[in-house]
Amino acid sequence: MSFLGCSRRLTTSSRSTPLHPPISPEATEAAIRARLDRQNLLRRECPPVMNFIIEESVLQRHLGSPDLLRRQVRHLRECADLPFLSIQVMPTEADAHAGLAGPLVLLETPDHDHLAYVEGQHNGLLIDDLDEVSAYQQRYGMLRSQALSPHKTKSLLTKLLE
């Protein structure tokens, strides 16, 4: 799996509160539970290989207390050491890059089918057209080359924790 943005799979529970227009407390709680359930991918006996590209700005945005952001960065740093997961940061100084069109998830099924999932504010679209998926794979390849390497990302995360 490949992800662009700050994937909910890497979000700590305390940063999982939805920020969209007010919804009922029950719906908010259900949304948070669903996000946290998705993190179970990280705890599977045989987890999938996952690659994430995160905008540097999300590592600086205070949604809640500074301690909350620090816990999120610490969680990301710990995840960066998992053998099946890589994290790269897209530096803020990268003026234009291939991810500005929005979040993207690339998936490969157990049958080796390739899919792309693109997300808007209120909906998402699963794409199985081979030509479209190929274009998204090329876009993701460009993103990986534009972002900091996983090693430099680990260094950045460590520096943010100092």
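Residues numbered from 1 in each chain as written. Predicted model: local features only at pLDDT ≥ 70, side-chain atom pairs only at ≥ 80, totals over all residues. Heavy atoms only, no water.

1. A word on the pattern of salt bridges
So, step 1. Taken as a whole and assessed by the stated rule, the structure comprises three salt bridges.
So, step 2. With its nearest N and O atoms 3.5 Å apart, the salt bridge here joins Asp67 to Arg71. Taken together, the residues Asp67 and Arg71, both in helix H2 (residues 66–79) and four residues apart, mark about one turn of the helix.
So, step 3. Taking the relative accessible area as the measure of exposure, Arg71 reaches 36% and is therefore partly exposed.
So, step 4. One continuous salt-bridge network, built from bridges that share partners, spans Arg77, Asp81 and Lys154. (Salt bridge = Lys/Arg side-chain N within 4 Å of Asp/Glu carboxyl O. Helix = DSSP H or I, 4+ residues; strand = E, 2+ residues; numbered from the N terminus. Buried < 20%, exposed > 50% of the residue type's maximum accessible area, 1.4 Å probe, protein only.)

2. Some thoughts on unusual backbone geometry
So, step 1. Positive phi is not limited to glycine here, since His112 has a value of about 70 degrees.
So, step 2. Among the structural elements, His112 can be located in the loop between strand S4 (104–108) and strand S5 (114–119).
So, step 3. Judged by its relative accessible area of 56%, His112 is exposed.

3. Considerations on a negative patch on the surface
So, step 1. Among the surface-exposed residues, Glu108, Asp111, Asp113, Asp128, Asp129, Asp131 and Glu132 lie close enough to one another that they form a single negatively charged patch.
So, step 2. Looking at where Asp131 falls in the secondary structure, it is placed in helix H3 (residues 130–146).
So, step 3. Residue class for Asp131 comes out exposed when judged on its relative accessible area of 65%. (Patch = residues over 30% accessible without salt bridge, like charges linked within 9 Å, V, L, I, M, F, W, Y side chains within 5 Å. Areas by Shrake-Rupley, 256 points an atom, 1.4 Å probe, with all protein chains shown as cover. Lys, Arg positive; Asp, Glu negative; His and termini not counted. Charge placed at Lys NZ, Arg CZ, Asp CG, Glu CD.)

4. Thoughts on the packing of H2 against helix H4 (residues 150–161)
So, step 1. At a closest axis distance of 9 Å, the pairing of H2 and H4 adopts a crossing angle of 150 degrees. Of the possible angle classes, the one that applies to H2 and H4 is roughly antiparallel. In terms of crossing hand, the pair formed by H2 and H4 is left-handed. Of the residues in H4, those in contact with Arg70, Val73, Arg74, Leu76 and Arg77 of H2 are Lys154, Leu157, Thr158, Leu160 and Leu161.
So, step 2. When its residues are assigned to classes, the contact of H2 with H4 shows five nonpolar, one polar and four charged. (Axes fitted to C-alpha atoms, helices over the stretch in contact; angles between N-to-C directions. Parallel < 35°, antiparallel > 145°, perpendicular 65-115°, else oblique. Left-handed = near helix turned anticlockwise from the far one by under 90°. Contact = heavy atoms within 4.5 Å. Nonpolar A, V, L, I, M, F, W, Y, C, P; charged D, E, K, R; others polar.)

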